[in-house]
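# What the coordinates show
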Amino acid sequence: MGELPADWAELVPELDAQAGDHLVTKRTWGAFAHTDLHEHLQKLGVTQVVIVGVATSIGVESTARQAYELGYNVTLATDAMTDMNADAHENSVARIFPRLGETGSTADVIALLAGSRG
């Protein structure tokens, strides 16, 4: 693998990163493997994770499986993920994700989060 550009992991301004945000740099398919994500979430008392991303059948699925195995309640916003292979995406969404947690649209997740605060 060649040298990565200096700014390869910088977030786009539209994400509005905050000083207190916890940045995780994945070096494997899943966000929990070889990172401090699980420890960080445990310190905060987090029990629920919402997972989105690229690529559905690789990074998203790996992260969802790891979260499930670590005991998190897993929610997957299926319209906030994509894959280079449409069949692989559909397989993850239809066959794998329902076994790991709840699935729904981003609007569904936001509505549930808003309802839990009120």
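Position labels on residues start from 1 in each chain and follow its written sequence. In keeping with the predicted nature of the model, local features appear solely for residues at pLDDT of at least 70, side-chain atom pairs appear and are counted solely at 80 or more, and the whole-chain, interface and lining totals rest on all residues. The basis for the side-chain values is all heavy atoms of the structure; hydrogens and waters are excluded.

## Re the nonpolar core
Note the following rule: For this analysis, a nonpolar core means a set of buried residues of the types Ala, Val, Leu, Ile, Met, Phe, Trp, Tyr and Cys, connected via side-chain atoms within 4.5 Å. To sort residues, take the accessible area from a 1.4 Å probe on protein chains only and compare it with the maximum for the residue type: under 20% means buried, over 50% means exposed, and anything in between is partly exposed. Counting from the N terminus, the helices are the DSSP runs of H or I reaching at least four residues and the strands are the DSSP runs of E reaching at least two. The contact definition used throughout considers only heavy atoms, calling two residues in contact when any of these lie within 4.5 Å.
Of all hydrophobic cores here, the largest spans 17 residues; its most connected members are V49, I51, A64, A67, V74, L76 and F97. Listed by contribution, the elements that provide at least two residues to this core are helix 1 (37-44), strand 1 (48-54), helix 2 (56-69), strand 2 (73-82) and helix 3 (86-100). Of all the elements, helix 3 adds the most residues to this core, at four residues. In contact with L76, not counting residues within four places along its chain, are I51, V60, A64, M81, F97, E102, T103 and G104.

## Looking at the UniProt feature "domain: Isochorismatase-like" (unreviewed entry) in the protein chain
Selection rule: UniProt positions are given in the numbering used here, feature names are shortened, and annotations may be inferred rather than shown by experiment.
Mapped onto this numbering, the UniProt entry annotates "domain: Isochorismatase-like" (unreviewed entry) at residues 7-108. Taken end to end, residues 7-108 is 39% helix and 20% strand, and its two terminal C-alpha atoms sit 34 Å from one another.

## Re the environment of T25
For T25, the location among the structural elements is in the segment before helix 1. Taking relative accessible area as the criterion, T25 reaches 30% and is therefore assigned partly exposed. Apart from residues no more than four positions distant in its own chain, T25 is found in contact with W8 and T35.

## Digging into the sheet that holds strand 1
Through backbone hydrogen bonds, the strands of a sheet pair up, either in parallel or in antiparallel fashion. The criterion, for reference: Being paired, for any two strands, means DSSP has found at least two bridges between them. Axis definition: a line fitted to C-alpha atoms, over the contacting stretch in the case of helices. Angles run 0 to 180 degrees between N-to-C directions.
What the three strands build is an open sheet, ordered 1-2-3; its pairing is parallel. Whereas interior strands pair on both sides, the edge strands pair on one side only; in this sheet they are strand 1 and strand 3 (102-104). Adjacent strand axes in the sheet meet at a mean angle of 25°, parallel and antiparallel pairs treated alike. The sheet contact formed by strand 2 and strand 3 spans three bridges and is parallel. Residue pairing for strand 3: T75 is matched across the bridge by E102. Helix 3 contacts strand 2 and strand 3 of the sheet and is inclined by roughly 165° relative to strand 2. Packed onto the sheet, helix 4 (residues 106-117) meets strand 1, strand 2 and strand 3 and runs at close to 140° relative to strand 2.

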